[in-house]
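# Results of the structural survey
Here's the letter readout for the chains.
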Protein chains: 2
Amino acid sequence: MASGLVVGVVGVTGAVGQTTVKLLEERKFPVRELRAFASARSVGKTVTFKGESIRVEAAGPDSFKGVELALFSAGSQQSKELAPHAVRAGAIVIDKSNAFRMDPQVPLVVPEINPHAVRGHRGILACPNCTTIVTVMPLKPLHDAGRLRRVVATSYQAVSGAGVNGVEELRSQTLAWARGEGITPRYFQHQIAFNVIPHIDKFADNGYTGEEIKLVNEVRKILELPDLPISPTTVRVPVFTAHSVAVNAETEARLGRERAREVLAGFPGLKLWDEPADNRYPMPVLVEGQDDCYVGRIREDLSMPNALNFWVVGDQLRKGAALNGIQIAELLIR
Amino acid sequence: MASGLVVGVVGVTGAVGQTTVKLLEERKFPVRELRAFASARSVGKTVTFKGESIRVEAAGPDSFKGVELALFSAGSQQSKELAPHAVRAGAIVIDKSNAFRMDPQVPLVVPEINPHAVRGHRGILACPNCTTIVTVMPLKPLHDAGRLRRVVATSYQAVSGAGVNGVEELRSQTLAWARGEGITPRYFQHQIAFNVIPHIDKFADNGYTGEEIKLVNEVRKILELPDLPISPTTVRVPVFTAHSVAVNAETEARLGRERAREVLAGFPGLKLWDEPADNRYPMPVLVEGQDDCYVGRIREDLSMPNALNFWVVGDQLRKGAALNGIQIAELLIR
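A brief structural summary. (Residues numbered from 1 in each chain as written. Chains lettered and ligands numbered in written order. Predicted model: local features only at pLDDT ≥ 70, side-chain atom pairs only at ≥ 80, totals over all residues. Heavy atoms only, no water.)

## Re the interface of chain B and chain A
Each partner contributes residues to the interface: chain B has 58 residues there, and chain A has 58 residues. For the pair chain B and chain A, the summed buried area comes to about 5000 Å², and 62% of that belongs to carbon and sulfur atoms. For chain B, the biggest contributors to the area lost against chain A are B:Arg150, B:Phe194 and B:Arg297; these three give 12% of the whole. Scanning the region where chain B abuts chain A turns up 6 salt bridges. Taking the shortest distance from any N to any O, the salt bridge between B:Glu212 and A:Arg299 comes out at 3.5 Å. Seen at the junction of chain B and chain A, the total is 39 residue pairs in polar contact (both at pLDDT 80 or more). Of all the elements in the fold, those that place two or more residues in the side of chain B that touches chain A are β8 (148-156), α4 (164-178), β9 (230-233), β10 (243-251), α7 (284-287), β12 (293-300) and β13 (307-314) of chain B. The greatest single-element share of the side of chain B that touches chain A, amounting to 6 residues, is contributed by α4(B). (Contact = heavy atoms within 4.5 Å. Buried area = accessible area lost by both parts, 1.4 Å probe. Salt bridge = Lys/Arg side-chain N within 4 Å of Asp/Glu carboxyl O. Polar contact = N/O pair within 3.5 Å; in protein donor to acceptor, adjacent residues only side chain to side chain. Helix = DSSP H or I, 4+ residues; strand = E, 2+ residues; numbered from the N terminus.)

## Notes on the sheet that holds strand β3 (residues 46-49) of chain B
All names here are of chain B. Pairing is mixed in the open sheet, where 7 strands are placed in the order β3-β4-β2-β1-β5-β6-β7. The open sheet terminates on both sides in strands that have one partner only, identified here as β3 and β7 (124-126). Each strand of the sheet is rotated relative to its neighbour by a mean of 25°, with strand direction disregarded. As paired elements, strand β1 (residues 5-10) and strand β5 (residues 69-72) share 4 bridges and run parallel to each other. Paired with Val 10 across the strands is Phe 72, a residue of β5. The strands touched by helix α2 (residues 76-88) are β5, β6 (92-95) and β7; relative to β5, the strand with the most contacts, the crossing angle is about 175°. Along the sheet, helix α8 (residues 318-333) makes contact with β1, β5, β6 and β7, crossing β6 at roughly 150°. (Pairing = 2+ DSSP bridges. Axes fitted to C-alpha atoms, helices over the stretch in contact; angles between N-to-C directions.)

## Focus on helix α1 (residues 15-26) of chain A
Residue and element names in this part refer to chain A. Over its 12 residues, α1 runs 17 Å from end to end, which matches the ideal 16 Å to within 8%, given 1.5 Å per residue. Three or more residues of α1 are buried, namely Ala 15, Val 16, Gly 17, Thr 19, Thr 20, Val 21, Leu 23 and Leu 24. Looking at the buried residues of α1, the elements they touch are β1 (5-10), β2 (31-38), β3 (46-49), β5 (69-72), α4 (164-178) and α8 (318-333). (Expected span 1.5 Å × (residues − 1). Buried < 20%, exposed > 50% of the residue type's maximum accessible area, 1.4 Å probe, protein only.)

## Details of the packing of aromatic side chains
Residues and elements named next belong to chain A. In the structure shown here, the tally under the stated rule is 19 aromatic pairs over all chains. Summarising the aromatic geometry, the rings of Phe 37 and Phe 64 are spaced 5.3 Å apart at their centres and angled 45° between planes, so their arrangement reads as tilted. In this pair, Phe 37 sits in strand β2 while Phe 64 sits in the loop between β4 (52-58) and β5, placing the two residues 27 residues apart along the sequence. A single burial state applies to Phe 37 and to Phe 64, both of which are buried. Centre to centre, the rings of Trp 273 and Tyr 294 are 4.2 Å apart; their planes meet at 40°, and the pair counts as tilted. (Phe/Tyr/Trp six-rings, centres within 6.5 Å; stacked < 30°, edge-to-face > 60°.)

## Side note on the relation of the copies chain B and chain A
Overlaying chain B on chain A yields an RMSD of 0.0 Å, the required transformation being a rotation through 180° with an accompanying axial translation of 0.0 Å. Here the copies are linked by what is in effect a two-fold axis. (Least-squares fit on C-alpha atoms with pLDDT ≥ 70 in both.)

## Quick notes on the pattern of salt bridges
Residue and element names in this part refer to chain A. Counted under the stated rule, the structure contains 46 salt bridges over all chains. Between Arg 318 and Asp 291 there is a salt bridge, and its shortest N-O distance comes to 2.9 Å. Taken together, the positions of Arg 318 in helix α8 and Asp 291 in the loop between α7 (284-287) and β12 (293-300) put the pair 27 residues apart, joining distant regions of the chain. Classification of Asp 291 by relative accessible area gives partly exposed; the value is 26%. Taken together, the shared-partner salt bridges connect Glu 26, Arg 27, Asp 291, Arg 318 and Glu 330 into one network.

## A look at the nonpolar core
Counting residues in each nonpolar core, the largest one holds 86 residues, and the members touching the most others are A:Val7 and A:Leu24. Formed by 85 residues, the second largest nonpolar core is a distinct cluster that contains B:Val10, B:Ala117, B:Ile230 and B:Ile326. (Core = buried A, V, L, I, M, F, W, Y, C linked by side-chain atoms within 4.5 Å.)

## Some thoughts on the side chain of B:Asn195
Its location among the elements puts B:Asn195 in the loop between α4 and α5 (210-223). Engagement of the side chain of B:Asn195 in a polar contact is seen with the backbone nitrogen of A:Val285, the distance being 3.1 Å.

Given below as structure tokens:
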């Protein structure tokens with residue numbers, strides 16, 4: 001272990017993959033050798049790690065010989081196909097896709113919240129969806145302090161949550177507007193520049209989107225509260241990076257604003273920005289590039305005695321994806 | 001009445017004032033003479049009404065002689081100062097500012113919801129805040145069908161809700177970004193391009209903003225439910241026109257999705273866009289310029305038996321302000 005691990009990053013050219021490589025370097029993760037995997041069409045590209053240029057290899061069933069840790073962010077289909085091969089080749093897989101999250105044999109881990117869940121893994125560990133992570137971070141200390149009874153979560157999600165294509169779509173639509181040209185949606189279902197789209201992932205028969213259903217199921221699994229009532233609405237907004245969530249949380253015990261501020265401020269990975277008199281509260285442009293999630297606008301719910309409203313913002317490429325994945329790996333090698 | 005009224009529009013150069021003039025023409029409101037009022041610095045400008053150019057006059061205490069109907073959208077301070085003068089001069093005032101909304105002697109009217117409230121007015125009638133109108137429109141039929149028990153409302157508000165300065169701020173910040181330049185906030189507290197700001201109006205001591213408090217108080221007054229529990233979060237988003245609100249509404253009677261769709265679709269001023277399988281739901285870019293409010297994403301709340309989630313979008317310059325004001329006037333002259 002002294003000399004580090006052979007680490008494979010699968011989906012290395014994507015938004016989360018690029019952030020993963022940057023964070024492995026930033027956090028001085030013990031990497032002996034970095035291997036960069038992507039789809040066949042990215043072969044020939046390079047990624048830079050610690051000043052070295054690394055050639056991108058095509059990810060295939062036989063790619064993982066010698067890889068000890070594989071960080072997957074290539075999409076559910078690729079994870080389903082390739083992760084079992086990586087495990088058979090001897091790697092531990094940390095998967096950021098939706099492929100294995102709800103598999104009862106796969107731990108779904110936010111290291112600040114349920115580090116014990118990594119025990120007994122069978123080679124694959126899953127990283128929650130970005131919106132789940134940003135939402136569940138403040139819910140955990142509030143639950144520990146007052147026991148959650150119900151949560152209403154309403155999101156404002158950045159385009160980079162949909163990957164580099166999402167970023168390019170907002171960028172190109174905005175530039176077209178600036179040139180006075182018309183806007184044609186290519187990647188999202190509708191125009192995203194100067195618009196909000198209440199639709200992320202596919203619709204289920206009950207009218208909820210996949211993103212909303214993931215939020216409910218994953219928060220329940222992470223908090224080990226399989227019946228926690230959660231009412232979700234997820235919305236895409238024209239922001240490049242960092243997801244915001246407006247949360248209404250009802251607890252069994254009355255917490256009040258001061259106690260809520262105290263328990264939120266004391267939780268690792270959370271920071272309080274809650275000085276309204278100074279116009280200080282979290283926002284995407286301030287949180288982009290930050291590792292922590294930021295909570296503010298903490299208010300007692302005037303409509304119900306034991307409830308709170310708050311606003312949480314997290315860089316969904318960092319804590320919402322790449323960072324959380326690396327933190328899981330750090331737990332494993334500790 | 002056959003030959004129409006002398007109508008004064010106060011704040012005629014603002015976003016709502018401009019829309020008011022456009023709608024008076026569009027709706028063939030019986031205008032005998034239009035008088036255009038604004039602050040002293042706008043004197044010399046002109047507005048166009050039915051192909052005629054009308055010179056802007058400075059609004060002052062002595063401006064209202066002969067005015068029969070005064071539509072105010074010049075801000076609370078101006079309304080407080082000038083509306084009583086207009087009433088003394090014989091005009092009926094329909095005020096779109098916050099100045100008189102919660103005055104028990106002033107009717108606060110959404111014509112589809114509480115037309116009876118206009119009776120007994122003493123010269124001034126108030127138009128609710130834009131976010132209130134968009135939110136309360138679907139709440140009324142749901143209340144009539146199932147009696148509301150609690151509402152959680154989370155908004156996505158367009159910059160034109162803050163007037164022409166808000167529009168100019170988003171436009172100029174976005175153009176600066178397109179030129180590769182830095183962005184300096186001038187009008188909003190923080191950058192609005194590619195950001196969301198959970199702060200509209202001033203903060204009160206309890207951590208809520210004026211916008212959030214208005215939403216609670218005004219919805220209660222309009223629905224004549226002075227104790228209705230409402231939990232509000234209001235957020236500015238980089239959208240030019242049309243406010244969106246994600247609403248969680250709990251009712252005494254279980255409505256269910258189909259019944260909710262039915263009562264919403266049947267309410268005047270509301271339209272249903274709720275075909276998720278066809279990616280059809282309301283969004284700001286589709287609703288801008290429309291008179292009706294649009295409801296979609298109607299779902300039973302999986303976290304609570306008698307609750308619903310839905311998404312409502314309305315052009316806040318039209319139904320959220322100018323149109324609602326003219327509709328009140330239409331009620332009065334009917």
